[in-house]
Amino acid sequence: MKLSEVVKALELKVFNPEVEGWEMIEVTWGYTSDLLSDVIAGLSKDELWITIQRHLNVIAVAKLKDAAGIVITKGFVPDEATIKKATEEGVVLLGTELNSFEFCGKLYNLLRYGEIK
Amino acid sequence: MDSEKIRLVYRIKPMDLANAGVASSHVKIELQRYGIEEDVVKRVGIICFEAEMNMILYSVGGKLKVEANSDAVEIFAEDNGPGIEDLEKAMQPGYSTAPPWAQDYGFGAGMGFPNMKQNSDVFEVESTPGVGTKIHAIVYRRKRDETK
């Protein structure tokens, strides 16, 4: 599913729409964890990373693993330095007001069944 | 390009979280340019990132060296202390000595060494408390189906 479709269906905020071609990024699945090395072990290419972490170092992890993007949950907002770094590295930063559990439930249904329910 | 050898060296500064990942992402770019297979680059990137993070968070600083030739990519991470008290424990998944502030940032999953080992064909650690830690890892350049 295209990232633009995920954003629309789940009403995500895009913190850095400057990333060229972000709409067309293919999202295959997701991975949820707030521990960086667990994400390095568990997240696969083209998956969305769902987390409450939003400091500078998450960008390096997302880039390292070729994540489709990072979804920051619970309404948390990354600081300017993180957004700037993400844009430089071509990592899409997204936001939701939902907590990780609620967001993952919806994303799971969307990616598995094509609808949120 | 394939016959010549590539050698990269980075100085890693302690507590330099702002630059964490810079060395490993440079390694990835250079190895890609050298024509190293994508899955090998990926594995080397993970090993370098974990080694880099370990040196930033836990050491007084050190060096990350990467050498590549037509057969393999070798990674050397050497710091100047303080060394690991219990290496056996450090190798266990889930074991961490990360201080609370680092845990708040999502460090200290206790997956650093397990991730490095998992992505290496050869993985060796030597650590002397009071002296420092030396990591040596090799990733062989083989076709994906031959590694299975």
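Note that the structure is a prediction, hence the values are computed from the model and not measured. (Residues numbered from 1 in each chain as written. Chains lettered and ligands numbered in written order. Predicted model: local features only at pLDDT ≥ 70, side-chain atom pairs only at ≥ 80, totals over all residues.)

A word on the overall build of chain B
Reasoning step 1: In terms of helices and strands, chain B carries 6 helices and 5 strands.
Reasoning step 2: Each helix and strand of chain B, placed in order from N terminus to C terminus, yields the pattern β-α-α-β-β-α-α-α-β-β-α.
Reasoning step 3: Its C-alpha atoms put chain B at 45 × 30 × 30 Å along the principal axes.
Reasoning step 4: Residues counted as buried form 38% of the 148 residues belonging to chain B.
Reasoning step 5: Counting only contacts in chain B whose residues sit at least 6 apart along the sequence, the fraction spanning at least 24 positions is 63%. (Helix = DSSP H or I, 4+ residues; strand = E, 2+ residues; numbered from the N terminus. Buried ≥ 20, exposed ≤ 12 C-beta atoms within 10 Å, placed from the backbone. Contact = placed C-beta atoms within 7 Å.)

Quick notes on the interface of chain B and chain A
Reasoning step 1: The interface of chain B with chain A comprises 17 residues on the first partner and 14 residues on the second.
Reasoning step 2: Within the residue set of the side of chain B that touches chain A, elements represented by two or more residues are helix 1 (22-34), helix 2 (38-58) and helix 5 (112-118) of chain B.
Reasoning step 3: Counting residues per element, the side of chain B that touches chain A draws most heavily on helix 2 of chain B, at 4 residues.
Reasoning step 4: When its residues are assigned to classes, the side of chain B that touches chain A shows 9 nonpolar, 7 polar and 1 charged. (Nonpolar A, V, L, I, M, F, W, Y, C, P; charged D, E, K, R; others polar.)

Some remarks on the sheet that holds strand 2 (residues 62-68) of chain B
Residue and element names in this part refer to chain B.
Reasoning step 1: A sheet is described by the order of its strands in space; here 5 strands give the open sequence 1-2-3-5-4, paired in antiparallel fashion. Each edge of the open sheet is held by one strand with a lone partner, namely strand 1 (6-12) and strand 4 (122-128). Within this sheet the neighbouring strands show an average axis-to-axis angle of 10°, counted without direction.
Reasoning step 2: Inspection of the sheet shows strand 4 paired to strand 5 (residues 132-140) by 7 bridges, in the antiparallel sense. Following the sheet pairing, V122 is matched in strand 5 by I138.
Reasoning step 3: Sitting on the sheet, helix 1 is in contact with strand 1, strand 2 and strand 3 (72-79), with an inclination near 170° to strand 1. (Pairing = 2+ DSSP bridges. Axes fitted to C-alpha atoms, helices over the stretch in contact; angles between N-to-C directions.)

Quick word on the pairing of strand 2 (residues 29-32) of chain A
All names here are of chain A.
Reasoning step 1: Because side chains alternate across strand 2, one face comprises the buried residues G30 and T32, and the other comprises W29 and Y31, none of which is buried.
Reasoning step 2: Both strand 2 and strand 3 (residues 47-51) contribute to a ladder of 4 bridges, which runs parallel. Residue T32 lies in a different strand from strand 3, and its bridge partner there is I50.
Reasoning step 3: At this point the chain moves from strand 2, through helix 2 (residues 36-42), to the parallel strand 3, and the crossover so formed is right-handed. (Right-handed = clockwise from strand over helix to strand, strands pointing away.)

Remarks on the environment of E85 of chain B
Reasoning step 1: Tracing the backbone shows E85 of chain B in the loop between strand 3 and helix 3 (87-90).
Reasoning step 2: For the pair E85 of chain B and G130 of chain B, spaced 45 residues apart in the sequence, the C-alpha separation amounts to 9.2 Å.

A few points about helix 3 (residues 57-64) of chain A
Reasoning step 1: Across the 8 residues that make up helix 3 of chain A, a large majority, 8, are buried.
Reasoning step 2: Among the residues of helix 3 of chain A, N57, V58, I59, A60, V61, A62, K63 and L64 of chain A are the ones counted as buried.

A few points about the nonpolar core
Within soluble globular proteins, side chains that are nonpolar generally end up buried alongside one another.
Reasoning step 1: Counting residues in each nonpolar core, the largest one holds 71 residues, and the members touching the most others are I70 of chain A together with V44 and C48 of chain B.
Reasoning step 2: Per-element tally for this core: the top contributor is helix 2 of chain B, with 13 residues. (Core = buried A, V, L, I, M, F, W, Y, C linked by C-beta atoms within 7 Å.)

Here we look at the confidence of the model for chain B
Reasoning step 1: The share of residues in chain B with pLDDT of 70 or more is 94%, and the mean pLDDT across the chain is 93.
Reasoning step 2: At the level of chain-chain contacts, confidence expressed as ipTM amounts to 0.88, with global pTM at 0.92. (pLDDT = per-residue confidence, 0-100.)

Here's the deal with the environment of E88 of chain B
Residues and elements named next belong to chain B.
Reasoning step 1: Turning to its location among the elements, E88 is positioned in helix 3.
Reasoning step 2: Among the residues examined, E88 registers 8 C-beta atoms within 10 Å and is labelled exposed.
Reasoning step 3: Between the alpha carbons of E88 and C48 there is a distance of 21 Å; along the sequence they are 40 residues apart.

Some details on the sheet that holds strand 2 of chain A
All names here are of chain A.
Reasoning step 1: A sheet is described by the order of its strands in space; here 5 strands give the open sequence 1-5-4-3-2, paired in mixed fashion. Every interior strand has two partners, whereas the edge strands, strand 1 (13-14) and strand 2, have only one.
Reasoning step 2: Across 2 bridges, the pairing between strand 1 and strand 5 (residues 93-95) is antiparallel. Note on strand 5: the bridge partner recorded for V14 is L94.

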